[in-house]
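Chain residues, written in single-letter form:
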Amino acid sequence: MKTRRDFIKISTAGAGAAAISFKAFGSKGFGLFESKIEGPASDEDLTPYPTYCEVCFWKCAAWAYVDKSGTIRKVIGNKNDPHCNGRLCPRGTGGVGMVYDEDRLKTPLIRDTRKDGSQYFREATWDEALNKVADKMKEVKEKYGPEAFGLFNHGTPGGQFHHLLKAYGSESNAEPAFANCRGPRSSAYFSTFGAYVGSPENTDIRDTKCLVLIGSHIGENMHNSQVQEMSDAIDKGATIITVDPRFSTAAAHSNHWLSIKPATDIALLMAWIHVLVFEELYNKDYVEQYTFGLDYLKDHVKDMTPEWAYGITTIEPEEIRKTARAMAGAAPSVIIHPGRHVVWYGDDTQRGRATAILNALLGAWGKRGGFYFPEGVSVPAFPHPHFPEPKWTWKDWNEGRYPLATMGITTEALKASVPRYNYKHQLKAWLVAGTNLPLSMPDKRLFKEAADAVEFIAVMDTMPMDITGYADVVLPEATYLERYDALRASPNREPNIALRMPAIEPKYDSKPGWWIAKQIGERLGLHDYFNYDDYSEVIDWQLKQLGTSLEEMKKVGVKKYPRKSGPLYLGDDEDFEFNTTTGKIELYSVDFADHGFDAIPKYTKHPEPQPNYYRLIYGRAPMHTFSRTSNNPNLFDLMSENSVWVNPKVADLWELENGQEVWLKNQDGAITSFPVKVRVTERIRWDSVYMVHGFGHSNKKLSRAFGKGASDTEMVTNVMVDPIMGGTGMRGNFITFLTEDPVMEGKEVKA
Amino acid sequence: MRYAMAIDTKKCVGCGDCVVACQTENNVPHGYCRDWIVERVDGTYPSLSLELRSERCNHCDNSPCVRCCPTGASHIEEGGIVTVTHHKCIGCGACIQSCPYDARYSHPDGYVDKCTFCLHRVQKGQNTACVDVCPTKCLYFGDLDDPNSDVSLAIKDRAWKVLAPEAGTKPQLFFLT
C-alpha cells in the first residue's frame, strides 16, 4: 500500500563499512581501528562541569571533565548526589558516547518529494524548519483548535515542549512512561496508601532486612542508587527473595529464587497474603491502627492457600510458607518491591495492589527498611501568564475508559489519531520529543496507521532514531552535555536540586531543547511564556528563590536542603491520616469498588502458548536503556546486539545452536525485520524465551545499531489493556522460530 | 608494598561499568578493552548457580609476560604493577601468547596494551577508575602489605579463589566466592 508518508531510510556514505562485532564479554578486540588516542589525562588538567545524566530517567548528578582542547574525556558521578553517590552506572559512564556519536542529527531536515514521487530528507536552515513547525501549529489551531496538536514526550527536554504546547493551548500529551511502564503501580499504590511510588522509588533498601523482587531485575535494570543499596543490603546479610521465571542476575544473588510459571504472579502474592493472615504473622498493631478492610481481605483469601497456589504457580507450598515467614520475621524492615515496567497481563494494577497489601500487612510503609517518606524541593515557576484553558485534553480521549488514569495514555493518543476509531476528539498533528515511538510502542500496526493518518509530525531528538524516519521536520537537539536544562528536584530522603549546564558548545548545528521550544513559541506570538534570552536566566532566577545561585551551583552541582515535612519514618503509634477515601491504608479499595473494579485483587488465568510457541519475556540489560543507546559507541562496545535466550531442551528440539541466527514469528504472524542470534542457556524456562529490549533498529543512519539484533516490540501485537488505568500489558505474546530468511513481503504484520 | 584487587562475585551484577570507566579513563580505543566480564552458569533449570566476575590483568608475582618480553617493555613497577612501556614495545605479541588470562591486546598504534591498575591514579593515592565507579562496590583495591587496606580487609574473612592457579603465576586478583 502506498502511504502518504514513506518511512525514509537514508543511506549514508560508508555505512556498513565499519561492521564491528565486538563483545566485552570474554573477548578483547582485534585491530580494525586506526587510533591517535592519547593516554590518560590527570584530573588536575581537566575542568569539571556539573550535569545530571539523561541516558535514563534516574537522572544521576555528575561532572563532565573537559580537557584543554574542549573534548569531554569522561563523566564521573557527583559524590554528594543521593541518586548516584559518586558512582554512575555503565550508561552514565558511557554517556559521553552520545556526544561523540558521529551518526548524530547534525542539521534540521525537511521531508521533500522528488520528481519520481519518492521522498527524502533535505537539509534545511533552522529558520526554515522552525517556520514550518510554527506554520503548521498555526494552521492546526485555526482548522481544528490547538488541542488537536498532540505531544509525545519523555525526559527533561520533553518538559520544554510540554510548556510550549500548554502556552499554545494544548494538553494533548502522553508519554510511554505511564501506560507502557509504571502507571499500574502508581494507581495501585495510590489506591492503597494515598501516595505514589516516585522516581527514585521511596524503597528503603539501604536498611532493609528482607527484599522481595517479583518481576523486578535490580542489577539488570541499573536504577543506580537501588543497585547500590541492594549491594549494601547483601553486605549486611539481608534476605533477598526473587520471583522470576528467568534466572536473572538478582535471582542469582538471592537467598530464595522462586522460578514461577509466567503469568501466575497474583496467585503467589495472594497465597503469601493467606499465610500472613491465617498464620497471624501480619503486623497486628500496625494493621489495626492504620489499615481498612482486614476482615474483607481475610474472607477473600481464605481458600487461597499455598497448596492452591502450587497448582497454578508451580512453587512448592513449603517454599511459599518459608518465604512468607522470612518476610514476617524481617517486618517492618521488609520491601515487596513495587517494580517498574509493570505492564504484563492487563491485570497489572491489581498485581500492584497485591504487593501493596503485602507491604501494608507487614507494616512496611513509613518504616525504616521498608518505605520512607520522600521529600522534594518545590522549584518556583519562572513568571509567565496563565496558560489558556484547552477545550479538551488527554483525559477526553478516554471518554470514560480507564477512569483512574493519571496521565495521557500513549495507545489512546494513537487511536485518537486514527479516524476509523471515531474518537470524539482527534489528533491531527504530533510533536515528538525524546521518545522513539516505533520501538517503544506495542502494536506496530496501530503506530504506523496513526503516523500515516496525521497531517504532520515534527521530531526532536539527538539521533536519527526510527521515529525520525516518520517525521516531516526533524529538529536536531543538543545532547545533555551541551545544554542547560530544568533543575532536577526529584524527591528523595533529603530534598535536593541538581544543575545541568553545558560542558561544551553544541556540536554541529544542534540546539538545546529550550532554545527550540522558545523559537517556535516566539513564532507563535507566545513571547510572554518565553521571556528570557537564555535558559540560564530562568535557572538563576529559580535558584535565587531557593536561596542559592547559578554561580554557587556551578561549583557544587548538587545542593541538599533540610526536610520540612517531618521525619523519614512513622513514629511508634503515631497518628497518621492517609490520603485515601477512608483515611486508612486500604486493604479493601473503596475507590476501586466505587468504580466497579475488584476491591481486592483476584487471580485470573491467562492464555498459555500453543504447541511450538514460547512466551516472549523481554527485559533490560544494564548497559542499554529504552531503544536509545544501541548506537552509542561506548555502550555498543559493551553490548552490540541482543540475543534470544533459549533453554537447551528447546534448542535440542529445534536443533538450534548457540550463535545461530533465527527470525522470530509471533502468534499473529508478525515476523522480526532482522535475525537474532540464539543464546542457549539454562537461565530461561522451556516454555519461554527472553530477549533484551531496544535492538533491531531499522534506520540505516544508525551505522552501528542498524539491523543489529531483533526488536522485541515487533513481536508485541497482542496488547492486554488494564481496565483500571489503561496500562498496555505486553507479555501475552508467543513466538516460534524461523530458521530460514522469510521473504520480505511477509514481514508486515498481517494479523 | 603489593597492590592487589579483590572482586566479590556475590555482588557483581556484570553491568560492565568497570569496562566503560576504564575505557574513558585510559582512552582505550573503541572495540578494545582492558577489563571485561565473565559469566559462568552451572546446573540445570531450576537448580542453577551464576558467577559474574570482572576480570583484568592479574599483575602476577611470577609474570610470564615480563619474562618473555624481548625488549624489556613489559616490566614490573613499584608495588608489583605489571605494565608496558609503549615506546619500547615492538608489538611482537610474545606476552599475549604467554598470558594465561588473555589479558593483553594489540593496540592499533602498534604496541601491546593492558590494565595498568590505573598507575597514574594509584601514584596519587587514588583508587583505580573501575573500583571508583562500580555501583555494587564489589571491587576492592589496595596494598596487601597493609592489613587495613580495602583489599586486605575484603579477603580477610571471606573464601576466595584465584584464576588458573595451576599456571604458577601467583596472580594478585582474588575472587571472593
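The structure presented is a predicted model; accordingly, all values stated were derived computationally and were not measured.

## Concerning the overall build of chain A
- On a plain count of helices and strands, chain A comes out with 23 helices and 26 strands.
- Taken over the C-alpha trace, chain A has a radius of gyration of 26 Å; the compact-globule value for 751 residues is 27 Å, and the two agree within 12%.
- With respect to the principal axes defined by its C-alpha atoms, chain A has extents near 75 × 65 × 60 Å.
- When each of the 751 residues of chain A is scored for burial, the buried share is 65%.
- Look at the contacts in chain A between residues 6 or more apart in sequence, and 75% of them connect residues 24 or more apart.
- Taken as a whole, chain A presents about 26800 Å² of accessible surface, with 49% of it coming from carbon and sulfur.
- Separation of charge centres in chain A, based on 88 positive and 97 negative side chains, amounts to 2 Å.

## Observations concerning the interface of chain A and chain B
- The interface is formed by 61 residues belonging to chain A together with 52 residues belonging to chain B.
- Of the roughly 4600 Å² buried between chain A and chain B on both sides combined, carbon and sulfur atoms contribute 55%.
- Applying the counting criterion to the chain A and chain B interface returns six salt bridges.
- Counting only elements with at least two residues in the side of chain A that touches chain B, the list comes to strand E3 (72–77), helix H1 (90–93), helix H6 (224–235), helix H7 (249–252) and helix H22 (633–638) of chain A.
- In terms of residue count, H6 of chain A provides more of the side of chain A that touches chain B than any other element does, seven residues in total.

## Thoughts on the UniProt feature "domain: 4Fe-4S Mo/W bis-MGD-type" (unreviewed entry) in chain A
- Within this structure's numbering, the places UniProt gives as "domain: 4Fe-4S Mo/W bis-MGD-type" (unreviewed entry) are residues 46–103 of chain A.
- As a span, residues 46–103 of chain A carries 14% helix and 31% strand, and end to end its C-alpha atoms are 26 Å apart.

## A short note on helix H12 (residues 317–330) of chain A
Residues and elements named next belong to chain A.
- Here H12 spans 20 Å end to end across 14 residues, near enough to the 20 Å set by a 1.5 Å rise per residue.
- Buried residues of H12: Pro317, Ile320, Arg321, Thr323, Ala324, Met327, Ala328 and Ala330, and no others.
- In this structure, the buried side of H12 is in contact with strand E8 (210–214), strand E9 (239–243), strand E10 (256–258), helix H8 (265–278), helix H11 (306–313) and strand E12 (334–336).

## A short note on the sheet that holds E12 of chain A
Residues and elements named next belong to chain A.
- Spatially, E10-E9-E8-E12 is the arrangement adopted by the four strands of the open sheet, whose pairing is parallel. Whereas interior strands pair on both sides, the edge strands pair on one side only; in this sheet they are E10 and E12. If you compare each strand with its neighbour and ignore which way they point, the axes differ by 10° on average.
- Strand direction decides the pairing type here: E9 and E10, joined by three bridges, are parallel. Across the sheet, residue Val243 finds its bridge partner in E10, namely Leu258.
- Sitting on the sheet, helix H13 (residues 348–361) is in contact with E8 and E12, with an inclination near 170° to E12.

## Concerning empty space enclosed by the protein
All names here are of chain A.
- Under the criterion given, the structure shown has 18 cavities of 30 Å³ or more.
- Counted as a void, the largest cavity has a volume near 130 Å³.
- Around the largest cavity, the lining is made up of 13 residues, and of these Gly215, Pro245, Trp344, Tyr345 and Arg731 lie nearest the centre.
- Across the lining of the largest cavity, the residue classes tally to eight nonpolar, two polar and three charged.

## Brief notes about the pattern of salt bridges
All names here are of chain A.
- Evaluated as defined, the whole model comprises 64 salt bridges over all chains.
- Its salt-bridge partner being Asp485, residue Arg483 comes within 2.5 Å of it at the nearest N-O pair.
- Through salt bridges with shared partners, a single ionic network connects Glu54, Lys59, Glu477, Arg483, Asp485 and Arg500.

## Thoughts on the pairing of strand E1 (residues 3–8) of chain B
All names here are of chain B.
- The buried fraction of E1 amounts to six of the six residues, a majority that puts the element mostly inside the structure.
- Along E1, one buried face is formed by Tyr3, Met5 and Ile7 and the opposite face, lined by Ala4, Ala6 and Asp8, is buried too.
- In the sheet, E1 pairs with strand E8 (residues 139–143) via five bridges, with the strands oriented antiparallel. In the strand pairing of E8, Tyr3 is matched with Asp143.
- Bridging between E1 and strand E10 (residues 173–176) involves four bridges; their strand directions are parallel. Residue pairing across strands places Met5 opposite Leu173, the latter belonging to E10.

## Comments concerning the nonpolar core
- Among the nonpolar cores identified, the biggest contains 83 residues, and Phe161, Leu164, Trp430 and Ile520 of chain A are the most heavily contacted of them.
- Ranked by the residues each element gives to this core, the list is headed by helix H3 (residues 126–144) of chain A, at seven residues.
- Shared between two domains, this core takes at least three residues from each, and those domains are domain 1 (41–102 + 485–505 + 533–561) and domain 2 (104–113 + 120–172 + 394–477 + 512–531) of chain A.
- Those residues within four positions of Phe161 of chain A in sequence are excluded, and the remaining contacts are Leu151, Leu431, Ala433, Met460, Gly513, Ile516, Ala517 and Ile520 of chain A.
- Among the nonpolar cores identified, the runner-up in size contains 69 residues, and Ile241, Ile320 and Phe373 of chain A together with Val13 of chain B belong to it.

Scoring rules and cut-offs
Residues numbered from 1 in each chain as written. Chains lettered and ligands numbered in written order. Predicted model: local features only at pLDDT ≥ 70, side-chain atom pairs only at ≥ 80, totals over all residues. Heavy atoms only, no water. Helix = DSSP H or I, 4+ residues; strand = E, 2+ residues; numbered from the N terminus. Rg over C-alpha atoms; globule rule 2.2 N^0.38 Å. Buried < 20%, exposed > 50% of the residue type's maximum accessible area, 1.4 Å probe, protein only. Contact = heavy atoms within 4.5 Å. Areas by Shrake-Rupley, 256 points an atom, 1.4 Å probe, with all protein chains shown as cover. Lys, Arg positive; Asp, Glu negative; His and termini not counted. Charge placed at Lys NZ, Arg CZ, Asp CG, Glu CD. Buried area = accessible area lost by both parts, 1.4 Å probe. Salt bridge = Lys/Arg side-chain N within 4 Å of Asp/Glu carboxyl O. UniProt positions renumbered as here; feature names shortened; annotations may be inferred. Expected span 1.5 Å × (residues − 1). Pairing = 2+ DSSP bridges. Axes fitted to C-alpha atoms, helices over the stretch in contact; angles between N-to-C directions. 1 Å grid on protein atoms, 1.4 Å probe; cavity = no way out; pocket = protein on both sides within 12 Å on 5 of 7 lines; lining within 4 Å. Points joined across faces, edges and corners; volume = space filled by probe spheres on them. Nonpolar A, V, L, I, M, F, W, Y, C, P; charged D, E, K, R; others polar. Core = buried A, V, L, I, M, F, W, Y, C linked by side-chain atoms within 4.5 Å. Domains from an automatic or database assignment.

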